[in-house]
Structure formats: structure tokens, C-alpha cells
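Listed here are the chains, written in short residue letters.
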Amino acid sequence: MPAVHKLLLEEALQDSPQTRSLLSVFEEDAGTLTDYTNQLLQSMQRVFGAQNEMALATEQLSRQLLEYEKQNFALGRGDEEVINTLQHFAKTVEELNALHADLSSQIADRMVFPMVQFREKDLTEISTLKEIFGIATDEHEAAMVKYSRLPKKRENEKVKAEVVREVAFCRRKQHQASMQYYCALNALQYRKRVAMLEPMLGYTQAQINFFKKGMELVSKKMDSFLASVTNMTQSIQAQLDAEAESMRLTQRELLSVEDTVYMPDRDLEPVNRTLIQKAGYLNIRNKTGLVTTAWDRLYFFTQGGNLMCQPRGAVAGGMVLDLDNSSVMAVECEDRRYCFQITSPTGKMSMILQAESKREYEEWICTINNISRQIYLTDNPEAVAIRLNQTAIQAVTPITSFEKRAEGSPNPDRSKSSSPPEPEDLIAPGTPIQFDIGIPASEFLDQNRAGGRRTNPFGETEEESSSSADDSLLQQVFAVRFLGSMAVRSGHTQEVIYEAMRQVLAARAIHNIFKTSESHLMVTSSCIRLIDPQTQVTKISFQLMDVTQFAAHQENSRLMGFVVEGTDWSEGVEEGQPSFSAFIFESNTEGEKICYTINLGKEITEAKKDPEALAQLMKTMPLTNDGKFLLLENLHLNNS
């Protein structure tokens, strides 16, 4: 051990300048030690705080590891191995927490406490003794000043004796204070070395004990577990690397496409008209006031026969409309493109939607149209949709050779009377179809006939139709949508109506003609009139005597049609040769009801020729208060 500097107690009484100079060196050393001790204690307290926080953190970590099993992860399937591993780690961390708590306690007792004790006891003692020594020195100096002022001539023994005793008392007091102060400063040279070494010795021993207990905890029994976890982690990392590489390649491939992929209405793929389900974003029009509207962009998808909507951020979608037997049509709306309207079977609910592109617009209309026909309920809906689309394409493909249709037919012999008529026998190939009644029907019937005088093929005038309707015993109005009309070769079989329905619907689907407008079909005992519901203007009128055939669709009960007979005055045709035209409608009610009403009207027309027959008919049918025939909703309808 190196020598320690000392203050000589023998020189304390003399209190020479040399002693005072040496004392100042000891005092400076004590002040430096005090400052350093405070800084060192702060560092030690920080270590203790960190270790104590470590104990609390490991305790919380152990509890949190056990909480993993209780989390309801949406993609948590297959985490059983991870859960078991984390539970094992939680137990290990809990044991480590006990070691950390013990280490924290030892650091407090063996490192922080000795340093605090050194500062509070030894350094505080030095400061106190220094203060006492200063007071004693000041008192001694004051006594010596008083002693020095004793008079030289007239000495008062009594006063002199008191001053001498005072000087002696103060000198003894200073001597005692100085010796105690010198002894404390001399002892501090040893105590500071012990105070610096003892806390670090305790800290190191506490850490060694912690590591020893840790090694006992993480013994050979943990080696296999840690090796297993290491292998699991490396396997997961390898899977992650492979997936990251795959995603990188996929991302590069997806980003290498042309800019047209990101542009709306730049679809290069053809329209798929055989879809039975569809999903994507559409704009829906919502009313915000009496005359104001707002458009919202929402995600729509079909599910079975329902149209569903799922707002952004919602967990699941909700049903918006039942598409079974619904109708869909293109509409013009607020100068927006690609708008279409879906209407419920009852006509009470409708919505207007806007697609992003022409392809989306057409596919949505085709998909909803397919769903409304309940194709999704069949055993193989995709095949049915494809077959119907092929049939629609064939329906609008001109047929130039009867023999081509005969090729591939299982029964090419069509001369037998039992075989059903072929489509070309009912309707001439390439016959034009009128999709809207915007011109008189006579103009439409004559538009493909060269030359000749054009006349009304139905043999009636507007005034005659109105007067006959006024005298009618039967008046029934139905809400319908005109789908199309075309010239036909035969007017006395229902097959020609079914074939016209097929070709009209197929042509609308192929040529994307989905827009229709609602009209009122009035059936009376003398005529059939198609009336604009807004203007009440009669678009077209037929005499019942000219209606040769009428029928409703066998599968879609809302489709119906009838055939009207006229006269063809075209050149090259024998004078007075009859011509036939089929008119196809979609109604909001069952087509059979319209057919039943037409049949009743024709019966009334025939009965008018014989008053007895008319009276008998009126007895068998219910009448309204004004004497008109009453149609009951629940009547069993049989088409003649």
C-alpha cells in the first residue's frame, strides 16, 4: 500500500501558517472527493434503477407471453406450435425475473447503500468538523485581540486574569477542534479507498451470483429446447425469404404491364356475357333532397340471387336487392356515362348505378340479366349461361342455307308432320327487329319492302280505336315494357311467338340494347292499345280481330307476346296477301293474365254478334258496378 499523507497533531496547537497551508490541501481533496462521490452515487443509483426496471419488465414480459393464446387473431390458425413455445418461454422468463429481482436487491444492499452511508456519515462529518474548527478559530482570534488590548500602566489583575482564562479556554477549544478535524481528514484518506472499492466488490459479487444461478437455470435441459426454437425460427425465415422473393417477382411482373391497365375504360379483354356472379366498385345515385342527388362509390357483388353492397371498411356486406325476376336496363342519367337501372319484380324499388368502363357496364347488365333468369339455381349454371349465350348468338346470325341447319341435326327429316317447325320456317333469316315504337308500325313493316303503296296493315284509324274502346265492355290496363317486334311467316302457332321472344332477347343481349321504357297496355273487348303513361298518347293500336295468336313464356312468366295479321301491299307479292308481325312485351305481372284478358276480349267480340251468347257470357263472368267485366286476381288462367 502506498504511504498516506497526514496532518501532524503535534502542530495543531501551534497552528502555524505551514500547518494551515497543508490543511488547505486536505480540505481541497475532501471537496473533490465529495463532488466525485455524488456523481458516482448517481451512476450507481441509475444501475440500480435499470436493474429494478429489468425485474419489472421481465415480469410483465412473462405475463404478456401468456396473453398470446388469448388473442383472437383472425389468421391465427396453425399457431399451436408457437403458442406452446411461447408458454415455455414465459415460464423461463418468469424464473429469470426472480433472478433479476434478487440481483436488484443485492445491488441496493451491497453497492448503493455503502456509498450512501459513506457520503452521509464520513463526508458529512468532515463538513461538520470543518465548520466547528472555523468557529473555534474565530473565537480564539477574538480572545487574542482582547488580550492584546490590556493596558500597560494600570494593570487590573482581575480583568487580566479573566482575559487570560478566556484565551486559554478558546485556545483549548481550538486545539480540540483542530485535532478532531485533523484526525477525520487523516482517516478520510483510508475511508475513501474502502468506500470506492467496497460497493464495486458487492456489485461484482452480485452479478457473479446472478450469472451462476442463470447458468443453473439455463442448463443442459434448455439446450434441446433452444435448438428446436432456433431450427423453427430458421425454417420460418427461409419460408419468409422464399415468399419475399416470390412476391418480388410477382410485383415486378404486375408492374411491367402497360399504362392502359391503370386507365379507366381501356379494357382490352372482350365482354363476358355468361357471368352469373360479378363484383366491383360502382357509383350509386342517392337522393339528398327533393331535387338533389349524390353519388357514392361503393363495392357491390352478387351472392346467389342477391345484389350485395359492402361500404369501405365494413367487415361484411348487406343485401341491397333481390335480383330474381328483376329487370335491368341502360338509362341516361345526369349526363353520366355507363349508367343502368335495376328494378324489382314489383316495380316498387329501383336503383341507378354507374360503372367505371364500358366493359364493366355491359358485364354488369349481362350478369344481372342472367341472375334474374335464375340460372344460378341450375345444376351447372356456367354451362347454362354459355349455352344461352350461344343460342343468342345463333338467333341473330343470318341463316342463308336450310341445308346448313340440317347438318348435324339428329333428325334431318323435317317432312314429317309430327316434327316441330324450324326457326327459319317461322321467321325469315335476317328479319330486322324494331326495339322501340318511335315510328308508326306501318313504317316499320314497310321499311324493308321496296316500292308499293304504304298503308295501315291493321285496317283501323286512331279515332276508330278510341271509339271502340269507349264502348268496350272490358277495360284492363297492364304495366309493360316493349321489347321488340318483327315480321313473322306464320300467325297461327304459339311457336312463332316463342321464337320471336328468343330472337328479340338474344338481339338485345348481343347488341347491348338494354334500355326500355314503361308503357300501359290496355286490353278492351275490341282492341289492344299501347299508351304512354305520361302523355296518355296512344303509341299503337290493334283490333282484337287482327290478333291471331298470343302466349306467355313457358319459363319466364313475365314475358308475353301476340301476333297481329295485316295485309302486304308490296310489289312482287300477290295482292291482298296476309302478313304477320309478332310483338313481344315484358310485364310487371304474369303474362298469363294479359293472355287471359285478350282471350276474354275476343270471346266478348264474338259474343256481340249473338245477343243471347253475350247475355250467357255476362251471366258466367263477374261484372263491375258500371257493367264491365271484372278480372279476379286468383282466377285460374287458361290460354286458348
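The chain is annotated in an unreviewed UniProt entry as DCC-interacting protein 13-beta of Astyanax mexicanus.

Colleague: How should I be thinking about the pattern of salt bridges in this particular structure?
Modeller: Pairs may arise between side chains of opposite charge once their charged atoms sit close together. Under the defined criterion, the tally for this structure stands at 20 salt bridges. Shared partners join several salt bridges into a network, and the residues in it are Glu269, Lys278, Arg359, Glu360 and Glu363.

Colleague: For this particular structure, what's the right way to read the pairing of strand β1 (residues 279–287)?
Modeller: Within a regular strand, side chains alternate between the sheet's two faces. Two strands pair when backbone bridges link them, and β1 and strand β2 (residues 293–303) are joined in this way by nine bridges, in the antiparallel orientation. Residue pairing in the sheet places Gly280 in a bridge with Phe300 of β2. Sheet topology note: the β1/strand β7 (residues 350–354) ladder contains two bridges and is antiparallel. In the sheet register, Asn283 faces β7, and the bridge partner there is Gln354.

Colleague: Where do I start with unusual backbone geometry in this structure?
Modeller: Most peptide bonds adopt trans geometry, and most residues besides glycine take a negative phi value. The backbone phi angle of Asn325 is positive, close to 60°, even though this residue is not glycine. Within the fold, Asn325 resides in the loop between β4 (318–322) and β5 (327–330). The class for Asn325 is partly exposed, based on a relative accessible area of 32%. Look at Gln536: it is not a glycine, yet its phi comes out positive at around 60°. Mapped onto the fold, Gln536 is located in the loop between β10 (527–531) and β11 (538–543).

Colleague: What exactly am I supposed to notice about the packing of helix α2 (residues 80–148) against helix α3 (residues 157–217) here?
Modeller: α3 packs onto α2 with a crossing angle of 170° between their chain directions and a minimal axis gap of 8 Å. Classified by the interaxial angle, the pair formed by α2 and α3 is roughly antiparallel. In the contact of α2 with α3, the residues fall into 35 nonpolar, 13 polar and 15 charged.

Colleague: How do you make sense of the packing of aromatic side chains when you look at a structure like this?
Modeller: Two aromatic rings, taken as a pair, are described by how far apart their centres are and by the angle between their planes. Following the criterion strictly, the structure yields 14 aromatic pairs and no others. Members of the aromatic cluster, joined through ring pairs, are Phe482, Phe542, Phe562, Phe583 and Phe585.

Colleague: It is not clear to me how the pairing of strand β3 (residues 306–310) should be interpreted in this structure. Could you clarify?
Modeller: Pairing analysis gives five bridges linking β2 to β3, with the strands arranged antiparallel. The residue bridging Thr302 from the neighbouring strand is Leu307, located in β3. Following β2, the chain reverses through two residues before pairing antiparallel with β3; Gly304 in that reversal takes a positive phi of roughly 65°. Pairing analysis gives four bridges linking β3 to β4, with the strands arranged antiparallel. Among the inter-strand pairings, Cys309 is bridged to a residue of β4, identified as Gly318.

About the criteria used
- Residues numbered from 1 in each chain as written.
- Predicted model: local features only at pLDDT ≥ 70, side-chain atom pairs only at ≥ 80, totals over all residues.
- Heavy atoms only, no water.
- Salt bridge = Lys/Arg side-chain N within 4 Å of Asp/Glu carboxyl O.
- Pairing = 2+ DSSP bridges.
- Helix = DSSP H or I, 4+ residues; strand = E, 2+ residues; numbered from the N terminus.
- Buried < 20%, exposed > 50% of the residue type's maximum accessible area, 1.4 Å probe, protein only.
- Axes fitted to C-alpha atoms, helices over the stretch in contact; angles between N-to-C directions.
- Parallel < 35°, antiparallel > 145°, perpendicular 65-115°, else oblique.
- Nonpolar A, V, L, I, M, F, W, Y, C, P; charged D, E, K, R; others polar.
- Phe/Tyr/Trp six-rings, centres within 6.5 Å; stacked < 30°, edge-to-face > 60°.

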